[in-house]
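Spelled out, the chains give:
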Amino acid sequence: MSSINLDQLYRRVIMDHYKNPRNKGEIADGGLTIDMNNPTCGDRIHLTMQVEDGIVQDAKFDGEGCSISMASASMMTQTIKGKSVEDAVRMSKAFSDMMLGKELDEDLDLGDIEALSGVSQFPARIKCATLAWKAMEKGVDSDVNPN
Amino acid sequence: MITKDIKKRFPILDQQVNGHPLVYLDSGATSQKPDVVIEAIKRYYENDNSNVHRGVHTLGNRATDEYEGARQKVADFINASSVQEVIFTRGTTTSINTVAQSYGRANVSEGDEIVITMMEHHSNIIPWQQLAKETGATLKYVDLEDDGTLSLDKVEETITDKTKIVSVMYVSNVLGTKNPVKEIAEIAHRHGAVMVVDGAQAAPHLKVDVQDLDCDFFAFSGHKMCGPTGIGVLYGKKALLEDMEPVEFGGEMIDFVGLYESTWKELPWKFEGGTPIIAGAIGLGAAIDFLQEIGLDNIDRHEKHLAAYAMEKMSEIDGLTIYGPADPDLRAGIVTFNLDGVHPHDVATVLDMNGIAVRAGHHCAQPLMKRLGATATARASFYVYNTEEDVDRLADGLRIAKEYFSDVIH
Ligand SMILES: Cc1ncc(COP(=O)(O)O)c(C=O)c1O
């Protein structure tokens, strides 16, 4: 019955990241710190990143939220580590497109993250999935354009 | 007795959602609308639509009569002593903001106190935070008891002779608690403060008597009581309203306009600047007729029964926590809960896939969530059209959610 549809949302990889989050915690000092929340539902992320020479050297997150938001944060940090800021932002845009149900560029490999494509069929949950990515974009943006 | 037949009066409920018959358990956010309300709005637009208090033409007269007729219905519904005490607003939020900006600015100054409680909805917190910041007054909170009720002793301790405004919700939108607002009003008055009641979750569900409560202001929203969105009410005691300045200025609310000075219409119109929500008021009038036909006491009893039944069914589920008073007599038809190890969003999504609509999140009560030690919760809220069968479906849905997640997580 309905669990067939639910399986499109709650893929095994997502549940694995939810249960065993990667990069959970906080980078002690010298990093970028971003706090963001989703005011409609109370999901909250505390993201710290170490960016050097335009490369994301390290990223960690802490926070509270549903399986989708926490798994997405785990996957996001895993993916952007070692990538250039440019690539990280490009992936974030691709992720937003994926949430809108758009086809991805052939040459862009989102890895585990593609498991989240099913979220596009659950409009109420898209904001959960994009929270971590929004935080990351805000962080690198403030690094490039400090005010 | 409220029977299952009442569901048929709500056309929206007759549909399948994600392959299952819809069970709507989110009336705390907004209620569904019965046929008579939808028809009243349609009839108005098809026959009588016109601006009010203006033209001399026939449609204008009809629209004005219906609009003012709705005001009379509201006055009777809450037992106001005069129809002049009923101001139409956009909803509870606008009503409370009107009190804060008009009465508050004129009567609160540095060193004064405003008292609210830890269980308030954001719309009964932020207007007072803003007023406190503007005036230099202190905002004080009455904490809640561990069982989700308010203690009158704590209320006594918090309200002092410096307190100018006390504002408390009648029924909690999260805990379902019915608060002793009449007793709190008495304490407030003893200290010379006015009593504001957030009646958003009370007016739809129980008999409200503003004279018996002896509150000074009472705010509620039409959309939570079978009426349309965009219309609400601010009740105020006439003597207070008469001394208060309007917060919105423009058409409809004026008596005489000069180049540099203007005067206001009498009550209640001085608080209704601009073209009012005419169809909304007429829809609310129809909703009140509908509720009174069923009887508010019957509605109250029906919901209390459903809440008790739900608490019984849900307590059979391992790892399910219910917030708020354990005694159904202390609460209205709202049951807020969490399922161990499963985030409320995930619970709500599983329920939605089974055709059951509940709310998940912080319910516009972040300070309360913090106090409860929860970042988010799920909430089932009941109304006239809900049945024991709906509760059974909820319990089944929760079991499915639990099973589904125990499979994937553990
Ligand atoms: C207790 C309480 N107060 C105030 C409000 C705000 O009502 P409205 O959004 O209609 O202004 C609500 C509704 O969510 C509520 O439940």
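Residues numbered from 1 in each chain as written. Chains lettered and ligands numbered in written order. Predicted model: local features only at pLDDT ≥ 70, side-chain atom pairs only at ≥ 80, totals over all residues. Heavy atoms only, no water.

(A) Examining the overall build of chain B more closely. When helices and strands are tallied, chain B shows 13 helices and 17 strands. Taking the principal axes of the C-alpha coordinates as reference, chain B spans close to 75 × 55 × 35 Å. Counting only residues that meet the buried cut, chain B has 57% of its 410 residues in that class. Sequence-distant contacts in chain B: of pairs separated by 6 or more residues, those separated by 24 or more amount to 71%. Accessible surface for chain B amounts to roughly 16,300 Å². Of this, 49% is attributable to carbon and sulfur atoms. A distance of 2 Å separates the average location of the 38 positive side-chain charges in chain B from that of its 61 negative side-chain charges. (Helix = DSSP H or I, 4+ residues; strand = E, 2+ residues; numbered from the N terminus. Buried < 20%, exposed > 50% of the residue type's maximum accessible area, 1.4 Å probe, protein only. Contact = heavy atoms within 4.5 Å. Areas by Shrake-Rupley, 256 points an atom, 1.4 Å probe, with all protein chains shown as cover. Lys, Arg positive; Asp, Glu negative; His and termini not counted. Charge placed at Lys NZ, Arg CZ, Asp CG, Glu CD.)

(B) Highlighting the interface of chain A and chain B. The partner chain B presents 20 residues to the 24 residues of chain A that form the contact. Together, the buried faces of chain A and chain B total about 1,800 Å²; carbon and sulfur atoms form 61% of this surface. Of the charged contacts, one joins Arg125(A) and Asp346(B) as a salt bridge, the two residues approaching to 2.7 Å between their closest N and O atoms. Summed over the shared surface of chain A and chain B, the result is seven residue pairs in polar contact (both at pLDDT 80 or more). Of all the secondary-structure elements, those providing two or more residues to the side of chain A that touches chain B are helix H1 (3-9), helix H2 (12-19) and helix H3 (67-80) of chain A. Taken together, the residues that form the side of chain A that touches chain B break down as twelve nonpolar, seven polar and five charged. (Buried area = accessible area lost by both parts, 1.4 Å probe. Salt bridge = Lys/Arg side-chain N within 4 Å of Asp/Glu carboxyl O. Polar contact = N/O pair within 3.5 Å; in protein donor to acceptor, adjacent residues only side chain to side chain. Nonpolar A, V, L, I, M, F, W, Y, C, P; charged D, E, K, R; others polar.)

(C) Here's a closer look at the packing of aromatic side chains. Across all of its chains, the model carries 13 aromatic pairs over all chains by this definition. A ring pair is formed by Tyr10(A) and Phe405(B), whose centres lie 4.9 Å apart and whose planes are at 75°; its orientation type is edge-to-face. With Tyr10(A) in the loop between H1 and H2 and Phe405(B) in helix H13 (residues 388-409), this pair bridges two chains. When its relative accessible area of 2% is taken as the criterion, Tyr10(A) is described as buried. Judged by centre distance (6.4 Å) and plane angle (85°), the rings of Tyr170(B) and Phe218(B) are edge-to-face. In this pair, Tyr170(B) is assigned in the loop between strand E7 (163-169) and helix H6 (181-190) and Phe218(B) in strand E9 (residues 217-221), connecting sequence segments 48 residues apart. Relative accessible area serves as the criterion here: at 13%, Tyr170(B) is assigned to the buried category. Pairwise contacts between aromatic rings join Phe10(B), Phe290(B), Tyr383(B) and Tyr385(B) into one cluster. (Phe/Tyr/Trp six-rings, centres within 6.5 Å; stacked < 30°, edge-to-face > 60°.)

(D) Fine view of the sheet that holds strand E17 (residues 377-381) of chain B. All names here are of chain B. Reading across the sheet, the four strands line up as E13-E14-E17-E16 and stay open at both edges, with antiparallel pairing between neighbours. Across the chains shown, the open sheet's two edge strands, defined by having one partner strand only, are strand E13 (320-322) and strand E16 (359-361). Across the sheet, the mean angle from the axis of one strand to that of its neighbour is 30°, orientation sign disregarded. Pairing of E16 with E17 involves three bridges; the strand directions are antiparallel. (Pairing = 2+ DSSP bridges. Axes fitted to C-alpha atoms, helices over the stretch in contact; angles between N-to-C directions.)

(E) Structural context of the confidence of the model for chain B. Residue-level pLDDT values for chain B average 96, and 99% of them are 70 or greater. In the model output, the complex is listed with pTM 0.94 alongside ipTM 0.85. (pLDDT = per-residue confidence, 0-100.)

(F) Representation of H3(A) within the structure. Residues and elements named next belong to chain A. Taking 1.5 Å of rise per residue, 14 residues should cover 20 Å, and H3 covers 20 Å from first to last C-alpha, within 8% of that figure. With 13 of 14 residues buried, H3 is to be regarded as a mostly interior element. Positive phi appears at Gly82, one or two residues downstream of H3, with a value of about 90°. (Expected span 1.5 Å × (residues − 1).)

(G) Quick look at the pattern of salt bridges. All names here are of chain B. The tally for this structure, following the rule as stated, stands at 31 salt bridges over all chains. A salt bridge links Lys164 to Asp112, with the shortest nitrogen-to-oxygen separation between them at 3.1 Å. Separated by 52 residues along the polypeptide, Lys164 in strand E7 and Asp112 in the loop between helix H3 (92-107) and strand E5 (113-117) bring together distant segments of the chain. By relative accessible area, Lys164 is classed as partly exposed at 26%.

(H) View of the site of the ligand. Residues and elements named next belong to chain B. Close to the ligand lie Thr92, Thr93, His121, Ser123, Met169, Asn173, Asp198, Ala200, Gln201, Ser221, His223 and Lys224. Separating an oxygen atom of the ligand from a side-chain N or O atom of His223 is a distance of 2.8 Å. Here an oxygen atom of the ligand and a side-chain polar atom of Lys224 are 2.7 Å apart. Taking 400 Å² as the accessible area of the ligand by itself, protein coverage stands at 85%. Along the lines of polarity and charge, the residues of the shell around the ligand split into two nonpolar, eight polar and two charged. (Near = heavy atom within 4 Å.)

(I) Representation of the sheet that holds strand E2 (residues 43-52) of chain A. Residue and element names in this part refer to chain A. Taken together, the three strands give an open sheet; going across it, the order is E1-E2-E3, and neighbouring strands pair in antiparallel fashion. Each end of this open sheet is capped by a strand with a single partner; those strands are strand E1 (32-38) and strand E3 (55-64). Pairwise comparison of adjacent strand axes, ignoring direction, gives a mean angle of 20° for this sheet. Of the strand pairs in this sheet, E1 and E2 are connected by seven bridges, and their pairing is antiparallel. When the sheet's bridge partners are listed, Thr33 is paired in E2 with Thr48. Against the sheet, H3 contacts E2 and E3, and its axis sits at roughly 170° relative to E3.

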